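Descriptive structure summary
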Amino acid sequence: MIIVMRPNYEEEDLVRIVQRLEDMNLRAHISKGEHRTIVGAIGDERILAEIPMESFPGVERVFPILKPYKLVSREFKPENTVVNVDGFEIGGPQIQIIAGPCAVESREVLEEIAEAIVPAGVHFLRGGAFKPRTSPYAFQGWGEKGLKYLAGVREKTGLKVVTELMDPRDIVLVCKYADIVQIGTRNMQNFRLLTEVGNIDKPVILKRGLCATIKEFLMSAEYIMAQGNEKVILCERGIRTFESETRNTLDISAVPLLKQLTHLPVIVDPSHAVGRADLVTAVSKAAVAAGADGLLVEVHVRPEEAMSDGPQSLRPEVFLSMVQQCRRVAEAVDRFI
Ligand code: PEP
Ligand code: MN
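An account of the accompanying structure is given in this report. (Residues numbered from 1 in each chain as written. Chains lettered and ligands numbered in written order. Predicted model: local features only at pLDDT ≥ 70, side-chain atom pairs only at ≥ 80, totals over all residues. Heavy atoms only, no water.)

**Concerning the environment of Asp-309**
In this structure, Asp-309 sits in the loop between β14 (294-298) and α11 (316-332). Counting along the chain gives 272 residues from Asp-309 to Thr-37, while the straight-line C-alpha distance between them is 46 Å. Within the local environment of Asp-309, its side chain forms a polar contact with the side chain of His-272, the two groups lying 3.1 Å apart. Within polar-contact distance, the side chain of Asp-309 engages the side chain of Gln-312 at 3.1 Å. (Helix = DSSP H or I, 4+ residues; strand = E, 2+ residues; numbered from the N terminus. Polar contact = N/O pair within 3.5 Å; in protein donor to acceptor, adjacent residues only side chain to side chain.)

**Let's talk about helix α8 (residues 254-261)**
Looking at α8, one finds that the buried residues are Ala-254, Val-255, Leu-258, Lys-259 and Leu-261. For α8, the elements touching its buried residues are α7 (214-226), β12 (232-236), β13 (266-268) and α10 (277-290). (Buried < 20%, exposed > 50% of the residue type's maximum accessible area, 1.4 Å probe, protein only. Contact = heavy atoms within 4.5 Å.)

**A look at the site of ligand 1**
As a structural note, the neighbourhood of ligand 1 is formed by Arg-126, Lys-131, Pro-132, Glu-164, Gln-182, Gly-184, Thr-185, Arg-186, Lys-207, Arg-237 and His-272. Measuring from an oxygen atom of ligand 1, one finds a side-chain N or O atom of Arg-126 at 2.7 Å. Within the side chain of Lys-131, an N or O atom sits 2.9 Å from an oxygen atom of ligand 1. Taken by itself ligand 1 offers 300 Å² of open surface, and the protein chains cover 97% of this. Most atoms of ligand 1, that is more than half of them, are within 2 Å of grid points of the largest pocket. (Near = heavy atom within 4 Å. Areas by Shrake-Rupley, 256 points an atom, 1.4 Å probe, with all protein chains shown as cover. 1 Å grid on protein atoms, 1.4 Å probe; cavity = no way out; pocket = protein on both sides within 12 Å on 5 of 7 lines; lining within 4 Å. Sits in = over half its atoms within 2 Å of the grid points.)

**Some points on the packing of aromatic side chains**
Considering all chains together, one arrives at three aromatic pairs under this definition. Aromatic pair Phe-88 and Phe-124: ring centres 6.1 Å apart, planes at 70°, arrangement edge-to-face. Taken together, the residues span a long stretch of sequence, with Phe-88 in strand β6 (residues 88-90) and Phe-124 in strand β8 (residues 124-126) at a distance of 36 residues. The class for Phe-124 is buried, based on a relative accessible area of 0%. A centroid spacing of 5.0 Å and a plane angle of 65° characterise the contact between Phe-139 and Trp-142, whose relative ring orientation is edge-to-face. The ring of Trp-142 carries the charged tip of Lys-145 above its face, separated from the ring centre by 3.9 Å. (Phe/Tyr/Trp six-rings, centres within 6.5 Å; stacked < 30°, edge-to-face > 60°. Lys NZ or Arg CZ within 6 Å of the ring centre and 35° of its normal.)

**Thoughts on empty space enclosed by the protein**
One pass over the structure, following the stated rule, counts one cavity of 30 Å³ or more. If you add up the space inside the largest cavity, you get close to 30 Å³. Gln-94, Ile-95, Gln-96, Ile-97, Gly-121, Val-122, His-123 and Ile-337 together form the lining of the largest cavity. A class-by-class count of the residues in the lining of the largest cavity yields four nonpolar, four polar and no charged. (Points joined across faces, edges and corners; volume = space filled by probe spheres on them. Nonpolar A, V, L, I, M, F, W, Y, C, P; charged D, E, K, R; others polar.)

**Description of the sheet that holds strand β3 (residues 37-42)**
What the four strands build is an open sheet, ordered β2-β3-β1-β4; its pairing is antiparallel. At either end of the open sheet lies a strand with only one pairing partner, and these are β2 (27-32) and β4 (59-63). With strand direction ignored, the average angle separating the axes of adjacent strands in the sheet is 20°. Pairing of β2 with β3, which is carried by six bridges, proceeds in the antiparallel orientation. (Pairing = 2+ DSSP bridges. Axes fitted to C-alpha atoms, helices over the stretch in contact; angles between N-to-C directions.)

**Some words on the coordination of the manganese ion (ligand 2)**
Binding of the manganese ion (ligand 2) to the protein goes through Cys-102 (SG), His-272 (NE2), Glu-298 (OE) and Asp-309 (OD), at separations of 2.0 to 2.4 Å. Donor residues for the manganese ion (ligand 2) sit on one chain with the sequence pattern C-x169-H-x25-E-x10-D. With Glu-298 in strand β14 and Asp-309 in the loop between β14 and α11, this pair connects stretches of sequence that are 11 residues apart. (Donors = N, O, S within 2.8 Å, 3.2 Å for Na, K, Ca; no water.)

**Details of the layout of surface pockets**
Within this model, the largest pocket holds a volume of roughly 220 Å³. Residue composition of the lining of the largest pocket, grouped by class: three nonpolar, seven polar and nine charged.

Structure (structure tokens):
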């Protein structure tokens, strides 16, 4: 249920409403916007239906949230959420680019990659220290050693660190080094993991599951927000279809659709969507044109030597050109990179 307060409500009106909801074992989520204060009453719809909230002083209107996801919905919070990572905003007018290798390899290679992406004006470095690999015999990532390399590069370059968390047992470790915690496609419905990252005070990039519908994707974001972490960034990274020329199929319509349904920032990972470097630039431009708030791109100085996802990794010069081209598209949609 959404309770819209009158513009001139008194603070005690709000206190009374929150108290009433809590007495009924419901959660009150207060959102104070520029013009309006909205209280989201979260809990069992049947209990909610019994409380005549419209008769409380200070209340203007009451209406149900019809969608199964509540905190993530635009109905609940009409204005865009902007996630601030040490002064760099995701979800504001600037489109943020997060770039780097699929996996953290050696300290030297990571430094080379970081130095190669800085001239493009990016502020975020990606790299997996825990890698979800299809084969148990494939490189699984360096774990803490990889996280240390990422932190070392942050120290040198100022780049913020984005890295994947696969297991709740590693949450303290990953949070020690990451500026943004990434939940990968295979874990989008790992509800225990989602609940855990809901309790941390770090932004989370939640990637869409391989076969997840938009509704399922948003329900997973709801899991994180329901615990109190509001810094959720959604990432469309391609879904599985019958097409085999590309690794996945980028659902470009997901971008404007998600922007309609939710207030959360939406970014696109063109690399895992297509799985081949030659298509990444075109798809990135399409994502920017469609309204993406950011791009998550795999870059490697020597893709032929990459320990994972070499074929989809851009060489630095191609990456720089991609960013240039995306800048022009961004301008056309009144954004900037
Ligand atoms: C990644 O970004 O490193 C990754 C493994 O992506 P996904 O979870 O989308 O496959
Ligand atoms: Mn990868």
